[in-house]
Amino acid sequence: MLLRSIWYSNSGVGHFCLRFVRRSFSFSSQSAVDMAAKDGRLKVFIVAGEVSGDTIGSRLMASLKKHSPFPIDFRGVGGIMMSKQGLESLFPIEDIAVMGICELLPHLNKLRVKLKQTLEAAVLFRAHVVVTVDAKGFSFRLLKPLRARYCQQGLVSPLHFHYVAPSFWAWKGGEARLKGLSEFVDHILCILPFEEEVCKLNGLAATFVGHPVLEDVLELGSVNGTMNSGWKVHGNAEGFRNRYGISPGSMVITLLPGSRLQEVIRMRPIFSNTMELLKDSFPDLTAVIHVAPNQHVEDYISKAVNDWPVSVILVPGGSSRIKYNAYAASRVALCTSGTVALELQLARLPCVVSYRAHLLTEWLIRYRAKVPYISLPNILLASSTIPEALFQACIPSKLAALLTELMNNEGLQEEEIRTAEKVIELLSPSKQHAGNSTDQDYGSTFLENRPSRIAASTVLYYSKTT
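Rules used in this analysis
Residues numbered from 1 in each chain as written. Predicted model: local features only at pLDDT ≥ 70, side-chain atom pairs only at ≥ 80, totals over all residues. Heavy atoms only, no water. Helix = DSSP H or I, 4+ residues; strand = E, 2+ residues; numbered from the N terminus. Buried < 20%, exposed > 50% of the residue type's maximum accessible area, 1.4 Å probe, protein only. Contact = heavy atoms within 4.5 Å. Areas by Shrake-Rupley, 256 points an atom, 1.4 Å probe, with all protein chains shown as cover. 1 Å grid on protein atoms, 1.4 Å probe; cavity = no way out; pocket = protein on both sides within 12 Å on 5 of 7 lines; lining within 4 Å. Points joined across faces, edges and corners; volume = space filled by probe spheres on them. Pairing = 2+ DSSP bridges. Right-handed = clockwise from strand over helix to strand, strands pointing away. Axes fitted to C-alpha atoms, helices over the stretch in contact; angles between N-to-C directions.

A closer look at the overall build of the protein chain
Then comes step 1: Looking only at helices and strands, the protein chain features 21 helices and twelve strands.
Then comes step 2: Taken across its 466 residues, the protein chain has 56% of its residues classed as buried.
Then comes step 3: In the protein chain, the proportion of contacts linking residues at least 24 apart, taken out of those at least 6 apart, comes to 73%.
Then comes step 4: A total accessible area of about 19,700 Å² is found for the protein chain, and carbon and sulfur atoms account for 51% of it.

Quick look at the structure:
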């Protein structure tokens, strides 16, 4: 709460306007498409605050362009993937890709400047619809004053969508915080199956669209599953080994240190020292480090691996095919907690999940968290199948021991693979929309109901009742 008041403080006028909007100001009952019909073009203001959000945003943009009856003008903030879909970002996404409590403090002034810049751009753009993707700290501090600004100017507010529900389920008192969001968020696009119902119970319109990571399967042409076989990305292990000159007998381990510079700086020495401990047991060890498409991260890692104790291959971000080929060539993975844990589930690559933060941030997480796990697969299944090394336990000796056991124990590997099949099934929206579909048409049903398409349809055609 203190941090929130430091970074973004409500003015009396803004607070009054939000109450005025809720009680007296009439929202347009029109959908985004209805509003765009007057201009012949759809104006979408979209903001993503980190690499995973950039991927989600780019897929949503592509789906909006495909299914909108009108040409679309995009404005906002995004990264490399969103720029490929036609967004000219107001500033580099790296400028606001900050996570944590203490980690945030040195960046507060810059974040406030970027927040004001984004707010002013959104007001001037006069969008038919506003979409924020994840990064709730920045997103909600944008949406709230944006709605107040429209109130002050006597304008009809565009609909506000937030893609990826805040993780209310992870924190003590988290569900209670949902109630106030309806003042400035009109619809939540949920990526976990249980979130839609809880949002609705707390006065928030919501739609479960499925987890965006499932679309990796579609992009790589791996849709050959049925209702019973699950979904899997089939990478080319031999092609990856040949491309990078990896010997047939080499033990390959995938390393995913994170997508934000602060977490990569923190995890790099831990991962490096873990490889130092492993190389005696696995003399021909190759570490494949996946580099997030973040310029600051790319620059840091390219310099930091010069003194690594084992052979290193750097895989640049932005290519899903190369990434999953690397997964296929690996025996196991070591990752920092995040979306990548689900990518590894799609690849059926057994992994160990790690996480470290500032000591005060870690203390706050321990104090406020109400779930005992940090990786989404373990949370969804209430299981500790995937080994986790968190906080003070995230040390090289612990990680090396967990990885050694996983690499040498096929039973543990098979257990993680079985868990992956259950997790992926939970994250897919297809069965909700498949009705009485058979195995034969399940693949086509998934194509028709991919997460980005459901999200785009909701953004285009949802209308808010007054």
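Here the narrative resumes.
A look at the side chain of Lys-114
Then comes step 1: Position of Lys-114 relative to the elements: it lies in helix 6 (residues 108-125).
Then comes step 2: Judged by its relative accessible area of 15%, Lys-114 is buried.

Examining empty space enclosed by the protein
Then comes step 1: According to the stated counting rule, one finds three cavities of 30 Å³ or more in the structure shown.
Then comes step 2: Approximately 80 Å³ is the volume found for the largest cavity.
Then comes step 3: For the largest cavity, the full set of lining residues is Leu-255, Pro-257, Val-264, Arg-268, Phe-271, Ile-289, Ile-301, Val-305 and Trp-308.
Then comes step 4: The biggest single contributor to the lining of the largest cavity is helix 11 (residues 261-278), with three residues.

Considering the pairing of strand 5 (residues 187-190)
Then comes step 1: In strand 5, alternate side chains face the same way, and those of His-187 and Leu-189 on one face and Ile-188 and Cys-190 on the other are all buried.
Then comes step 2: For strand 4 (residues 159-163) and strand 5, the ladder comprises three bridges, and the chain directions are parallel. Along strand 5, the bridge assignment pairs Phe-161 with His-187.
Then comes step 3: Judged from the three bridges that link them, strand 5 and strand 6 (residues 206-208) form a sheet pairing that is parallel. What sits directly across from Cys-190, in strand 6, is Phe-208.
Then comes step 4: Traced from strand 5 through helix 8 (residues 195-201) to strand 6, the parallel crossover comes out right-handed.

Concerning the sheet that holds strand 9 (residues 311-316)
Then comes step 1: The strand order across the open sheet built from six strands is 9-8-7-10-11-12, with neighbouring strands paired in parallel fashion. Single-partner strands in this sheet number two, and they are strand 9 and strand 12 (388-390). Shown here is a sheet whose adjacent strand axes are inclined to one another by a mean of 20°, direction ignored.

Some points on the sheet that holds strand 5
Then comes step 1: One open sheet holds the six strands; their spatial order is 2-1-3-4-5-6, and the pairing between them is parallel. The sheet is open, and its two borders are formed by strand 2 (72-77) and strand 6, each paired with just one other strand. Between one strand axis and the next, the sheet turns through 20° on average, direction left out of account.
Then comes step 2: Across five bridges, the pairing between strand 3 (residues 129-133) and strand 4 is parallel. By the bridge assignment, Val-129 is partnered in strand 4 with Leu-159.
Then comes step 3: Against the sheet, helix 6 contacts strand 1 (42-48) and strand 2, and its axis sits at roughly 170° relative to strand 1.

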